[in-house]
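The primary structure of each chain is shown beneath.
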Amino acid sequence: MNEARCTQAKVFGKTPCGPDAFLLELEFSAEIGQIDPGQFVMLSLADGQGPVLARPFSFYGQTAPDRLTFLIQVLGIGTQVLQDCPLEEFIQVTLPLGTGFALPDANRPLVMIAGGVGSAPFLLCAEQRVQQGAGDQTFFIFGARSENRLYDKQAFASLAMHSRFATDDGSFGFSGNVIACLENGLQEETFPENAVYFACGPEPLLKAFARLVQAKGFEAQVSLETYMGCGFGACNACPTATNPNGPLGAWPWAKTCQDGPVFSLDSIQL
Ligand SMILES: Cc1cc2nc3c(=O)[nH]c(=O)nc-3n(C[C@H](O)[C@H](O)[C@H](O)COP(=O)(O)OP(=O)(O)OC[C@H]3O[C@@H](n4cnc5c(N)ncnc54)[C@H](O)[C@@H]3O)c2cc1C
Ligand code: FES
């Protein structure tokens, strides 16, 4: 894995995405090196303006060896200052951070479930699978409240894999939430039996996902969006309760920023 480093990157592009999000493209002074899907960065303004603490964001895409994109939903001050940051300005970036998804072998099926901006870590996963020739063994279910919150859905739909979309209000794709769409796919035996399941999204989604896949005995990994302070293990602000019988052992808390944000489902308590 690449060593984490703190650097600055120039705002190269900002593209609105849905009613409350945007794609931020950053240009670095050198090639970025290896990043794993599910790893993240901490972003803040380079001039010390804005909130004191940087904010965590998943790697979304890579448009050139020295350029990365991030899908950012604007919620509060930390995301607002990033949206307001002019083109050509510099942003402070710490990367790459955390432990990402352990992708299965190309011949093993993968089912990815995303809610809202929980789609962010899955574009790189999907691109890697397609590059490995595993697109026909790769399933992606993307759910949101309404069609305009299926952020950047075309980027996923255009990949040579099986994509399904679900909206709570029925404005696009399956009518219902993403877990109902997953259950529907399971009833229709859409997914091969030995598939691995990944999920990312808000906590209620992850809890419903965990109940479903644990009842079925499926192998699964989840990416958590826990609040974070430092992002690299120094502040203890990001505890996740571990499962004493799981692979992380008896210690009751894991650091989400280092041990995660991606965990095997059997290693934590959701
Ligand atoms: C590993 C990781 C990867 C992430 N990747 C992405 C990503 O790719 N794209 C993206 O848009 N967001 C992502 N997030 C979430 C993002 O970090 C938060 O939305 C952001 O920090 C909010 O900062 P803010 O200052 O704008 O909002 P704040 O002012 O801090 O909060 C605004 C509102 O959002 C709520 N909120 C803030 N952070 C979280 C959180 N982590 N979980 C639940 N509610 C929260 C607050 O309670 C408050 O109601 C990720 C989080 C983690 C931990
Ligand atoms: S965010 Fe500081 S230890 Fe995890």
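Remember, it's a predicted structure, so these values are computed and weren't measured experimentally.

In terms of domains, the protein is made up of domain 1 (5–97) and domain 2 (110–225). Taking only C-alpha atoms into account, the centre of domain 1 sits 24 Å from that of domain 2. With 16 residues of domain 1 at the contact, the number on the domain 2 side is 14 residues. Carbon and sulfur atoms supply 65% of the area that domain 1 and domain 2 bury against each other, a total of about 1,300 Å² over both sides. The largest share of the area that domain 1 buries against domain 2 comes from Pro37, Tyr60 and Leu71, three residues that together contribute 44% of it. Where domain 1 meets domain 2, there are one salt bridge. Note that aspartate 20 and arginine 149 form a salt bridge whose closest N and O atoms lie 3.7 Å from each other. One can count three residue pairs in polar contact (both at pLDDT 80 or more) joining domain 1 with domain 2. Listed by contribution, the elements that provide at least two residues to the side of domain 1 that touches domain 2 are strand 2 (21–27), strand 5 (61–64) and strand 6 (67–73). Class assignment for the residues of the side of domain 1 that touches domain 2 results in nine nonpolar, six polar and one charged.

Applying the stated criterion across every chain yields a total of 13 aromatic pairs. Aromatic pair phenylalanine 165 and phenylalanine 172: ring centres 5.8 Å apart, planes at 65°, arrangement edge-to-face. Taking relative accessible area as the criterion, phenylalanine 165 reaches 10% and is therefore assigned buried. Its relative accessible area of 29% is what places phenylalanine 172 among the partly exposed residues.

This part is about the layout of surface pockets. Of the pockets and cavities examined, the largest pocket occupies roughly 1,400 Å³. Leu75, Val117, Gly201, Pro202 and Glu225 are the residues nearest the centre of the largest pocket, which is lined by 49 residues in total. Looking at the lining of the largest pocket, the elements with two or more residues in it are strand 4 (55–58), strand 6, helix 1 (77–84), strand 9 (138–144), helix 4 (178–187), helix 5 (203–216) and strand 14 (239–241). With five residues, the single largest contributor to the lining of the largest pocket is helix 5.

Here we take up the pairing of strand 5. The side chains of a regular strand alternate, residue by residue, between the two faces of the sheet. Note: strand 5 against strand 6, three bridges, orientation antiparallel. If you follow alanine 64 over to strand 6, its bridge partner there is arginine 67. Linkage of strand 5 to strand 6, two consecutive antiparallel strands, is achieved through a turn of two residues.

A separate point is the state of the cysteines. Under the definition given, this model contains zero disulfides. Looking at the unpaired cysteine 85, the closest cysteine sulfur is the one in cysteine 6, lying at 15 Å. The exposure class assigned to cysteine 85 is buried, which follows from its relative accessible area of 6%.

The next subject is helix 2 (residues 122–131). Burial in helix 2 covers these residues: Phe122, Leu123, Leu124, Cys125, Ala126 and Arg129. Looking at the buried residues of helix 2, the elements they touch are strand 5, strand 8 (110–115), strand 9, helix 3 (153–157) and strand 12 (196–200). Directly after helix 2, the chain includes glycine 133, whose backbone phi takes a positive value near 80°.

Let's shift gears to the sheet that holds strand 11 (residues 174–175). The seven strands lie next to each other as 11-10-9-8-12-13-16, forming an open sheet whose pairing is mixed. Two strands close off the open sheet at either side, each with one partner strand: strand 11 and strand 16 (262–264). Strand direction decides the pairing type here: strand 8 and strand 12, joined by five bridges, are parallel. When the bridges of strand 12 are listed, methionine 112 appears paired with phenylalanine 198. Along the sheet, helix 5 makes contact with strand 8, strand 12 and strand 13 (219–223), crossing strand 12 at roughly 165°.

Here we take up the site of ligand 1. By nearness alone, 21 residues border ligand 1, and Pro56, Leu71, Thr79, Glu225 and Tyr227 come closest of all. Measuring from an oxygen atom of ligand 1, one finds a backbone N or O atom of glycine 76 at 2.8 Å. Separating an oxygen atom of ligand 1 from a backbone N or O atom of glycine 78 is a distance of 2.7 Å. Notes on ligand 1: free accessible area 900 Å², of which the protein chains cover 75%. Counting atoms within 2 Å of the grid points, the majority share of ligand 1 lands in the largest pocket.

The rules we used
- Residues numbered from 1 in each chain as written.
- Chains lettered and ligands numbered in written order.
- Predicted model: local features only at pLDDT ≥ 70, side-chain atom pairs only at ≥ 80, totals over all residues.
- Heavy atoms only, no water.
- Domains from an automatic or database assignment.
- Contact = heavy atoms within 4.5 Å.
- Buried area = accessible area lost by both parts, 1.4 Å probe.
- Salt bridge = Lys/Arg side-chain N within 4 Å of Asp/Glu carboxyl O.
- Polar contact = N/O pair within 3.5 Å; in protein donor to acceptor, adjacent residues only side chain to side chain.
- Helix = DSSP H or I, 4+ residues; strand = E, 2+ residues; numbered from the N terminus.
- Nonpolar A, V, L, I, M, F, W, Y, C, P; charged D, E, K, R; others polar.
- Phe/Tyr/Trp six-rings, centres within 6.5 Å; stacked < 30°, edge-to-face > 60°.
- Buried < 20%, exposed > 50% of the residue type's maximum accessible area, 1.4 Å probe, protein only.
- 1 Å grid on protein atoms, 1.4 Å probe; cavity = no way out; pocket = protein on both sides within 12 Å on 5 of 7 lines; lining within 4 Å.
- Points joined across faces, edges and corners; volume = space filled by probe spheres on them.
- Pairing = 2+ DSSP bridges.
- Disulfide = S-S within 2.5 Å.
- Axes fitted to C-alpha atoms, helices over the stretch in contact; angles between N-to-C directions.
- Near = heavy atom within 4 Å.
- Areas by Shrake-Rupley, 256 points an atom, 1.4 Å probe, with all protein chains shown as cover.
- Sits in = over half its atoms within 2 Å of the grid points.

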